[in-house]
Structure formats: structure tokens, C-alpha cells
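The primary structure of each chain is shown beneath.
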Amino acid sequence: MGPTQKPNVCRQLSRRALGFFSRDAGVVQRTNLGILRALVCQESTKFKNVWTTHSKSPIAYERGRIYFDNYRCCVSSIASEPRKLYEMPKCSKSEKIEDALLWECPVGEILPNPSDYKSSLIALTAHNWLFRISATTGKVLEKIYLASYCKFRYLSWDTPQEVIAVKSAQNKGTVLARQAGIQQPVLLYLAVFHVLPFSLIGILEINKKIFGNVTDATLSHGILIVMYSSGLVRLYSFQAITEQFMQQKLDLGCACRWGGTAGTVGEAPFGIPCNIKITDTPPLLFEVSSLENAFQIGGHPWHYIITPNKKKQKGVFHICALKDNSLAKNGIQEMECCSLESDWIYFHPDASGRIIHVGPNQVKVLKLNEVENDSAQHQISEDFVILANREKNKNENLPTVTASGRVVKKNVNLLDDDPEQETFKIVDYEDELDLLSVVAVTQIDAEGKAHLDFHCNEYGTLLKSIPLVESWDVTYSHEVYFDRDLVLHIEQKPSRVFSCYVYQMVCDPGEEETTNRSCEKE
């Protein structure tokens, strides 16, 4: 496949005005995003730091919205300067929002209320309420009381934009109970809901009698994933568990009698009873052992990535076929690097089936292909590699002459993530513009300087580099988001001080483009 032709923005705008794409809304959207991508990557485009703020509570970002004070205050980052969308009334610590997910209207579904077609924030509070909040006004649209028999703490998507899982804190019992050797039968709970309109699937208990000493459990795409301290990971079908072990179907807002108590499902103080109690070992779908429970599934056809369950194997990744556990050809991936922070690997979020392997000085994009003359086996090969911009240290291994005239050779071996060398810290994917974003950091004198690079997702070509004006301390925690024409950097400093830096795209008409960079294979 040859290099893609650089789009002509004027030509695309003319075709759009004449209605060339009017028959297919998807084509119009892709054309608009292609125009935006061309504008983002052109030489004269700059990203300007338009807003900086600091907070004593965590700062979160989601789809053009910045959240402060445990999601109580919402700021839009889309305008030329961020502006406050809403601020909810102050509440006590026991009522604060602990976790949240942004729900956006699915295409092609008829929803009961006009407000349902607008984005909502699904929020879990510290006192076990589940709220649906308008993402633009902060008004509470729906609320569900979960239960009083456990403390729910985490929200996640089981099926993105369709099914949510609410996980409780792990029940470790009181100090006195542990000292007395009293075992806690239920380790944690998972409450599962369809969203918009809210409907209950059920609340599942993970108990020690059936599953043993579980360290964690979660739901993903209809699969119950159970993890153990030994590194063992087990997969079960949640649908099969529901069909076999659901004691009673419960509907939100309906009267219910449970264990001698009557009430309305989802309303306080009754809440939602635990109606899925596993009494026998469910059928096991899959089992694997991996260091630190690291386990991922992806690729075409399905493969999984693990690290062999031995400490000395840290940084070694095995890519195996899900159907028969066979190791792919070249399926052992090890980045030969000496660094304080280990490299990481994951399936590419663009659904291409590729794999991204990130080290301190290189980003490898790997592809999964059939072995020639053997369609049953697959192999791993490099698609492209992004290398850090490093100059060889001129003082490295230079001889030193002592006062007596003796020549001494010094061997200096720098770490691959030495702060004085350009080091990759964050790699992300902007799905709408089809760009890989890479944060690279270099320590200059006493402070670190970072820049965000945009690479062609198809060939890895560097298309644009954006310097971040704020200093970058490698000992702090950092998050960087690239969302269309916005770059946002969230930094956590010591003593729980959070900083947020917002950059927006600015086209400088007075500066002519001198260099044309196209997305093509080098």
C-alpha cells in the first residue's frame, strides 16, 4: 500500500459546500475530521497555553469537560477560554462523588425522555447512591440507592456506553475479626446495570467458599475476571452465572419482599438486595497465570498477552493464541533496556489488532499476521518504530589523565531512562484524527522539559511537535490528553496539589508554511 495523498483543505471544503457528501453523514464527519487533522498538523498551527489552574482535590477530564472538587464543578474546555458550565451545591464528605463515567447517547435507539439524548455523568457517591447527572447543567436526572450491606466504590464499563459495573470495596473484616481468625464469606460485590434507561441486571457476590482467596474481580464485555495473589487469572461467563444462580429478578422502582423486609427496589433504605449468589463452581472459560495478574486480550484472531509468573521475567511479554494457548512466532517480546521504570505493552486501541510496546527510548508498533504457508499459526512482526531523539554522550568512555600522567579509562553506562536523555513517558491514540500522541521528556539543567509529538498512525511518521511551556518533574504523576484541537496536562504534586494546563489550537495567518510533512512511509 503506497503513501496516502496529503489532503487539500480548500478542495474538501468546496466539495462539502456543494453537497458532495450529503447522502452519508458518516462521510461528512470523516471529511470534517480529515480537514481538522490537516489543520492540526500544518506548520503554521500552534498550540497556545490559554489557561492554568490549581486545585487541592483531584482534577478529571472527559470529552471537553474538566471536573473539579470531586466532580462537583464542571468547566468546558471547548470555548476559546475555559468557562464554568455548572457548580453543584456543596455537600458533606459522606455525600461526595467518588467515581464517575460519561455516558453519551447511543445512535439508533429510541429513548423515553428528551433529556436522555444529551450526555450524562453517571456518578457514584460515598453514601452508595448512583446518580445520573446532566453533563451540561449538573441537574440530577435519576438516582438509585444501591445498598447498606457494603461500601460501593468503583465504576467501570462492562460494555462501553451500554452496561456498567459498580464494584464494592473488598471486605477484609475488622481487625478483631482477623485476629480471631474469623473468615469473611463475601469478599466483594458487583452491581450490574443497563444504562439509559437504567435497568438492573443484578448484584453478584464474590464469596470465598466458591472462589477462594480472591484479590480482585471485575467485569469486561460480559466476562467475569477473577484474580488471585498467586498471579492466577480466571475467566467466567457472567451471562451463564446470571442464568444459573439468579435467585429472583428485580426491577427498579418495584415493590419487593426480601429476607422478611419489604421495600422499593433502588430506594432508601431498602436499596437492592444481592440476588445473584453462586452456590457451586461455575463453568471455567479460561485460566492463565501471569506476573502481577497482567493479562490482556485483543488482536485478530484473538490473542492474549501475559508476563511469565516469575519476578525475573518482569519486562518479558508472551503473545499467545487464545484458542489453544500456542505462542505466536516471535511472540516473546523483550525490550533490551536498562531503566528504573519498566516498559509496557498493550493492544492498539484503534481495533487494527496491532500491539504497542513502549520503552524509555522507543515505541514499537507490532502487527499480527498469518505465517506464510500455515494459516493456523500467526507471527509478530514490526510495523514501525518511533525512536527518541538522542545524541550520543560525548563524554562517555573518554580517558582521564591523572596528575602522574597515567591514562585511566572510565566506562559510563547511563540508564535508558536517564533524565538527561529524551525519554518517552506517555503514548496515547487520538481516534478521531487517527494520530498517535507521544510525550517525550528531557531534563535540562534543574528542570524537565516535555513536548507532545503527533505521529501518523499508519506509518509512524512525525507530523508535528508541540512544546509544553510548564516544567515537567519526573517524580510527579502526570496525565496528558490530546482531544481534537485541545491538549490538556494534569499534574499531581506532593501534598495533593493538582495543576491543570490547557492548550488550544491557534492558526497563525502571518506565518507561512515552510515545511510540508505528509503521512507517508519513510
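Here the structure is shown first, and the text comes after it.
Residues numbered from 1 in each chain as written. Predicted model: local features only at pLDDT ≥ 70, side-chain atom pairs only at ≥ 80, totals over all residues. Heavy atoms only, no water.

### So, the pattern of salt bridges
Side chains that differ in sign of charge can pair as their charged atoms come close. The tally for this structure, following the rule as stated, stands at 18 salt bridges. The partner of Lys249 in a salt bridge is Asp251, and the shortest N-O contact between them spans 3.4 Å. Among the charged side chains, a salt-bridge network with shared partners connects Asp69, Arg72, Lys84 and Glu87. (Salt bridge = Lys/Arg side-chain N within 4 Å of Asp/Glu carboxyl O.)

### As for the pairing of strand β10 (residues 152–159)
Across six bridges, the pairing between β10 and strand β11 (residues 163–168) is antiparallel. When the bridges of β11 are listed, Ser156 appears paired with Ala165. Here β10 folds back onto β11 in antiparallel fashion, the turn holding three residues, of which Gln161 has a positive phi close to 65°. (Pairing = 2+ DSSP bridges. Helix = DSSP H or I, 4+ residues; strand = E, 2+ residues; numbered from the N terminus.)

### A closer look at the sheet that holds strand β34 (residues 477–483)
Strand order in the open sheet formed by four strands is β1-β36-β35-β34, with antiparallel pairing between adjacent strands. One side of each edge strand has no neighbouring strand; the edge strands of this open sheet are β1 (45–55) and β34. Ignoring strand direction, the axes of neighbouring strands in this sheet form an average angle of 15°. As defined by bridge partners, β1 adjoins strand β36 (residues 497–507) across 10 bridges and the pair is classed as antiparallel. Note on β36: the bridge partner recorded for Thr53 is Cys500. (Axes fitted to C-alpha atoms, helices over the stretch in contact; angles between N-to-C directions.)

### A few points about the sheet that holds strand β3 (residues 65–68)
The strand order across the open sheet formed by four strands is β2-β3-β4-β5, and the pairing between neighbours is antiparallel. Taken across any chain shown, the strands that pair with only one partner, and hence form the sheet edges, are β2 (60–62) and β5 (83–87). Across the sheet, the mean angle separating the axes of adjacent strands is 25° when strand polarity is ignored. Pairing between β3 and strand β4 (residues 73–76): four bridges, direction antiparallel. Each residue of the ladder has a partner; that of Ile66, found in β4, is Val75.

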